[in-house]
Amino acid sequence: MKQMQYKIFIALSYFFYYALLSLEFTYVPSYLIHTLGFQGVDISLIFGGIPLVGILAQLFWGEIADRSRKTGRIIRINCTLAILFSLPLIIWHPSKALICIVFWILSFLLTSISALLDTIALSRWEMKTYGIIRSWGSLGYGIAALLFPYQYLNSIILFVFATICLLWGCNLFIGEEARNITIQENSTENTNFKFINLLKNHKFLFLVIFGVIHSTSSGAYNLILDVHRTNMGLMDSFLFFGKSFNTTGMAIAIGIVSEFIFMAIGAFLVKHWGARLCLLLCAGLTGIRWACMSYDMGVIGFVGLQAFHGLSFGLFYVSCLSCLVIIVPNSMRATGQTLFSGIVFSVSNLIGIVLSGLLLDSPGRGFWAFGVMAFISMLATILSLFLDCEK
């Protein structure tokens, strides 16, 4: 019973962490522009700095976690500090400088939490169990995006603060990593920064490069999906079996459901097909997805194609973690997962979002953006053939 309760609180931590990301990236920019009168350059400064701060945060907290073996305590301390640093946004009228500083601090404190939760979960359970637990993060992201009452946009900071508090509450019941890791006190890997040793590992480095290229292709999806819908001339909503559905919202919902499914069954697929074949399928089918998006299509095609998101992210993420479990030594597990997440998702977001934004201003607009993303996915497909996920 105690093990089940522990799994529930880990799952809820994933749920509220990704719900927090969903609120932050989906609705906070609209609040800053429409309520506080921020300009696009202000949004770029705030949210463009978050991935950069995130890379440093992943390196720092991963290193601390591996050296202290107190991963759960680090998560609780960071959540507590995040609550304290969020209070000024509620107490005072937020200025541009205050918003920027607070969100960068929150990025430093919270960015690494998902990877640190991965470290705890993977030290206790097999990949199959991990995939089911981690899929609750996908559920949290989707529910927060779809169920947030938009009429309360002016109170989005309160919703963000409340979600951080819920995340903190769940983490009160999370312990540390399983104590099944033996570390040689006099080994050379402990005398240097652990991330330096990892970057010397050619298998790890090649997996990171593959991850960056594959995830870069998702930049257009993250940034311009709704803009591309309008370029196609598709309506805001459509009728399906006599009921009206928001077009972009339904597309995102289909993607989240697909991600949830592939997160849950990803370990089974990796076990039977192997991580390299799974990553080959992820990259190849993602390329087909973006290639189709680079052409005009009807609403059913636009919405239905997002079912591939489960492969583009869900199976991709589980497959990469399966490789990391094999490639990264147990004594550097937290550093390996935070370093991988920090580089892959921060760098790819920067490249993908900037590239998509530039292509959006080109004559081909979103059609060119998704065409270029399809080409990038093909590069990732070729790289996947050379991945080595064996010890």
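Residues numbered from 1 in each chain as written. Predicted model: local features only at pLDDT ≥ 70, side-chain atom pairs only at ≥ 80, totals over all residues. Heavy atoms only, no water.

**Description of the environment of I351**
Item 1. With respect to the element layout, I351 can be found in helix α16 (residues 333-360).
Item 2. Distance in space between the C-alpha atoms of I351 and I254 is 25 Å, their sequence separation being 97 residues. (Helix = DSSP H or I, 4+ residues; strand = E, 2+ residues; numbered from the N terminus.)

**Examining the pattern of salt bridges**
Item 1. Taken as a whole and judged by the stated rule, the model has three salt bridges.
Item 2. We note a salt bridge from R69 to D66, for which the minimum N-O separation is 3.3 Å. This pair shows no difference in class: R69 is buried, exactly as D66 is.
Item 3. K203 is the partner of D388 in a salt bridge, and the nearest nitrogen-oxygen pair spans 3.6 Å. Here the residue D388 occupies a position in the segment after α17 (365-384), and K203 occupies one in helix α10 (residues 202-216), the gap between them amounting to 185 residues. (Salt bridge = Lys/Arg side-chain N within 4 Å of Asp/Glu carboxyl O. Buried < 20%, exposed > 50% of the residue type's maximum accessible area, 1.4 Å probe, protein only.)

**Considerations on the confidence of the model for the protein chain**
Item 1. Confidence in the prediction for the protein chain averages 84 pLDDT; 91% of positions are at 70 or higher.
Item 2. Across residues 180-191, where pLDDT falls below 50, the model places 15 contacts with residues more than four positions away in sequence or in other chains. (pLDDT = per-residue confidence, 0-100. Contact = heavy atoms within 4.5 Å.)

**Description of the packing of α10 against α16**
Item 1. Where α10 meets α16, the axes come as close as 8 Å, and the angle between the chain directions of the two elements is 35°. As α10 runs across α16, the sense of the crossing is right-handed. Of the residues in α16, those touching α10 at F204, L207, V208, G211, V212, S215 and T216 are G336, L339, F340, I343, V344, F345, V347, S348, I351 and G352.
Item 2. Among the residues making up the contact of α10 with α16, the classes are represented as eleven nonpolar, six polar and no charged. (Axes fitted to C-alpha atoms, helices over the stretch in contact; angles between N-to-C directions. Left-handed = near helix turned anticlockwise from the far one by under 90°. Nonpolar A, V, L, I, M, F, W, Y, C, P; charged D, E, K, R; others polar.)

**Focus on helix α13 (residues 275-293)**
Item 1. Between the first and last C-alpha of α13 there are 27 Å, a value that for 19 residues agrees with the 27 Å anticipated at 1.5 Å per step.
Item 2. Along α13, the residues that are buried comprise A275, C278, L279, C282, A283, G284, T286, G287, R289, W290 and M293. (Expected span 1.5 Å × (residues − 1).)

**What to know about the nonpolar core**
Item 1. Counting residues in each nonpolar core, the largest one holds 95 residues, and the members touching the most others are I10, L32, L110, I156, F204 and L207.
Item 2. When residues no more than four places from it in sequence are discounted, the contact partners of F204 are L198, L199, L324, I327, V328, G336, L339 and F340. (Core = buried A, V, L, I, M, F, W, Y, C linked by side-chain atoms within 4.5 Å.)

**Describing the state of the cysteines**
Item 1. The tally for this structure, following the rule as stated, stands at one disulfide.
Item 2. Note on cysteine connectivity: C323 is disulfide-linked to C389, with sulfurs 2.2 Å apart. Because the sign of the S-S torsion sets the handedness, a value of about 70° for the bond joining C323 and C389 places this disulfide among the right-handed ones. Residue C323 is found in helix α15 (residues 309-327), and its partner C389 is found in the segment after α17; the two are separated by 66 residues along the sequence.
Item 3. Look at C323 and you get buried, because its relative accessible area is 0%.
Item 4. The thiol sulfur of C165 is not disulfide-bonded, and the nearest other cysteine sulfur, from C79, lies at 9.7 Å.
Item 5. Under the relative-accessibility criterion, C165 is labelled partly exposed at 26%. (Disulfide = S-S within 2.5 Å.)

**So, the environment of P29**
Item 1. Here P29 lies in helix α2 (residues 28-34).
Item 2. Note on P29: relative accessible area 17%, which makes it buried.
Item 3. Between the alpha carbons of P29 and F47 there is a distance of 8.7 Å; along the sequence they are 18 residues apart.
Item 4. Those residues in contact with P29 that sit more than four places away from it in its chain are E24, I43 and F47.

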